[in-house]
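Now for the letters of each chain:
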Amino acid sequence: MDSRKFQALVDEVLGVLGKIVNLKAFPFLPVIYSSIFYFVKRGEAYRNAVRAIPVGPRSRIVINKSKRFVDDFLAQHAPSVLAGSDARGRRRAFSSLYPVLGLRDPFLLALFRDEVDSGDLQIVVDSFDTRVHEALAEIPAPRSDPAFWRALDAFVRASAGLALNLAREREIQDLIIKRVNQYLKERKK
Amino acid sequence: MSRRPLVVLALVVLGLAGCATHRLETAKTHYVRAVELADRMDRGGAAAEFSRARDEAAKIAGSHAGDAQAWLIKGQAEIELGEFEEARRSFASARAAGADLGDGWERVAQLLGVASVYEAMEMPDDAAMLCETAMKTAKKECPEMFEPAAARWVNLLVAEDASSEDPKARAKQLAGLEKKVRDLVEETPGSGTLRYLLSQVEVHLEDFAEGWGQAVLARELGLPTEELLRDNDNSLLFCYRQLIESGRTEYDARQAAWAKRWGWPDATHAPWMAESK
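So, how was this worked out
Residues numbered from 1 in each chain as written. Chains lettered and ligands numbered in written order. Predicted model: local features only at pLDDT ≥ 70, side-chain atom pairs only at ≥ 80, totals over all residues. Helix = DSSP H or I, 4+ residues; strand = E, 2+ residues; numbered from the N terminus. Buried ≥ 20, exposed ≤ 12 C-beta atoms within 10 Å, placed from the backbone. Contact = placed C-beta atoms within 7 Å. Axes fitted to C-alpha atoms, helices over the stretch in contact; angles between N-to-C directions. Parallel < 35°, antiparallel > 145°, perpendicular 65-115°, else oblique. Left-handed = near helix turned anticlockwise from the far one by under 90°. pLDDT = per-residue confidence, 0-100. Core = buried A, V, L, I, M, F, W, Y, C linked by C-beta atoms within 7 Å. Expected span 1.5 Å × (residues − 1). Nonpolar A, V, L, I, M, F, W, Y, C, P; charged D, E, K, R; others polar.

Caption draft 1: Spotlight on the overall build of chain A. Summing up its helical and strand segments, chain A has 10 helices and 0 strands in all. What you see in chain A, going N to C, is helices and strands ordered as α-α-α-α-α-α-α-α-α-α. Residue burial in chain A is summarised as follows: out of 189 residues, 37% are buried. Pairs at least 24 residues apart make up 71% of the contacts formed inside chain A by residues separated by at least 6 positions.

Quick look at the structure:
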């Protein structure tokens, strides 16, 4: 992948999206990020496939896991939480941490990125419900604007030409987040 | 009578129809986008788009009471938003407006709505019973609602509550659930979602070989959302680790073979797990 070209593409799409939505408003960062990353990863082929699925209610996961599964997950991802909690506390921690670290939900990962990076997982557990609720409540529907989709589609087409290496997911995430922060910083000036 | 007023009237009527058609298209677009966003686990975007779909559809449904499609979209968006009672009313209106629906849609929405009330009241057994009825109704009368109802039913019954303290009672309850889910799988062997649900029950029963096997089949048959796929992968790998820890080393080669078939970078990492911790 040519990272400079990719960086230029990210800057371009941010320029377009920045005119449509207020990127400074907090919840937009994870939303924009997950949108961009999704399209990088899946491309148009997946989007078309998803559009072809008959419209209907979606399935949901079985979130109630066995004690053994919960403990195994916490031992792998949050040993300190496992050690310091009773059964009820472990289940509560699991319900917050599993979507973030286990399913790697792009929206939640971006929302709790700082805490995940710094290992402050107890903060994720304690503030999970409030922060997710606040973030969801504040999000209007910027993607209802056709210009939003046009910008993302153009970005996907251009990104596809760069043959992104998906094994470098973290690197791509970091680059996008860095450019978003840079964009916001420049807009402040 | 001059023809001009008729022409004006015709234009007004056509304009209104055009406006309603445009609104209906907008509502559908929001709904399709919401589904797309939900499938890729973007819950913020999905919630916003489902709300827009519901609101746009409500505008047409309110002004053009005969618009069955608008009521239908409104009801489906409400299901996704967990507004089951409103969904029931929307499906009833869709049917009254001529939509080709049985009353199953209404009844399933109503059952799921009442189930969520029982769930909130911490009465999971009653909620599960209602979800089971919703699932059976959906299977016969509105297949689109079958898998979501089945997932809610299984999720409620595998939950560990105070009654789970009695291991015998718990084992009996899970064994009963396993039999019912297995029957569903036998009726629809090609459903990846049902295989996933069976795998989840097997994990609770600590039958890790069966849990692993059903998760493999679920992956092979296909799962409708990214979230389900990831959860299934996690269960599959959990079962694999338990099997290896218990000395079932033959699963090393089996896991490696499937991982290779799916294009995983190694036996224990799906591509979506690539980001470092």
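Don't stop here, the text continues.
Caption draft 2: Main features of the overall build of chain B. When you go through chain B residue by residue, the secondary structure sums to 12 helices and 0 strands. Per-residue burial over chain B gives 46% buried out of 277 residues.

Caption draft 3: Examining the environment of D231 of chain B more closely. Tracing the backbone shows D231 of chain B in helix α11 (residues 226-245). In this structure D231 of chain B comes out as buried when scored by C-beta crowding, with 26 C-beta atoms within 10 Å. When the C-alpha positions of D231 of chain B and A215 of chain B are compared, they lie 9.8 Å apart, and in sequence the two are 16 residues distant. For D231 of chain B, the residues in contact, after removing those within four places along its chain, are I61 and L103 of chain A.

Caption draft 4: Up close: the packing of helix α9 (residues 192-204) of chain B against helix α10 (residues 208-221) of chain B. Residue and element names in this part refer to chain B. Axis separation between α9 and α10 bottoms out at 8 Å; the angle between their running directions is 160°. As far as their axial angle goes, α10 and α9 are roughly antiparallel. When you trace α9 past α10, the crossing you get is left-handed. Only E210, G211, Q214, A215, L217, A218 and L221 of α10 make contact with α9, whose side of the interface consists of G192, R195, Y196, L198, S199, E202 and V203.

Caption draft 5: Spatial organisation of unusual backbone geometry. Residue and element names in this part refer to chain B. With phi around 60°, E206 is a residue other than glycine that occupies positive phi space. You can see E206 is positioned in the loop between α9 and α10. In this structure E206 comes out as partly exposed when scored by C-beta crowding, with 15 C-beta atoms within 10 Å.

Caption draft 6: Local environment of the confidence of the model for chain B. Residue and element names in this part refer to chain B. Across chain B, the average pLDDT comes to 83, with 86% of residues at or above 70. This stretch, residues 1-17, has a pLDDT under 50; its non-local contacts, to residues over four places away or in other chains, come to 0 contacts. The complex prediction reports pTM at 0.69, with the ipTM value standing at 0.72.

Caption draft 7: How the structure looks around the nonpolar core. Core analysis: the largest hydrophobic core is formed by 98 residues, its most contacted members being C131 and A149 of chain B. Here this core takes 9 residues from helix α7 (residues 146-158) of chain B, the largest share from any one element. Sequence-distant contacts of C131 of chain B, that is, excluding residues within four places in its chain, are made with L112, A115, A149, R152, W153 and L156 of chain B. Grouped together as the second largest cluster of nonpolar side chains are 10 residues, L14, L17, I176 and V180 of chain A included.

Caption draft 8: Focus on helix α3 (residues 68-80) of chain B. Residue and element names in this part refer to chain B. For α3, with 13 residues, the first-to-last C-alpha span of 19 Å sits near the 18 Å given by 1.5 Å per residue. Within α3, 11 of the 13 residues are buried, which leaves it mostly tucked inside the rest of the structure. Residues of α3 that are buried include every one of A70, W71, L72, I73, K74, G75, Q76, A77, E78, I79 and E80, and no others. Just downstream of α3, G82 is the residue with a positive phi angle, here 80°.

Caption draft 9: Layout of the packing of helix α6 (residues 124-141) of chain B against α7 of chain B. Residues and elements named next belong to chain B. Where α6 contacts α7, the two axes come as close as 8 Å, and the packing angle between them is 155°. Overall, the two elements α6 and α7 adopt an arrangement that is roughly antiparallel. Every pair of crossing elements has a handedness; the one defined by α6 and α7 is left-handed. Between α6, through P124, A127, A128, C131, E132, A134, M135, A138 and K139, and α7, the contact on the second element is made entirely by F146, A149, A150, R152, W153, L156 and L157. Across the contact of α6 with α7, the residue classes break down as 13 nonpolar, no polar and 3 charged.

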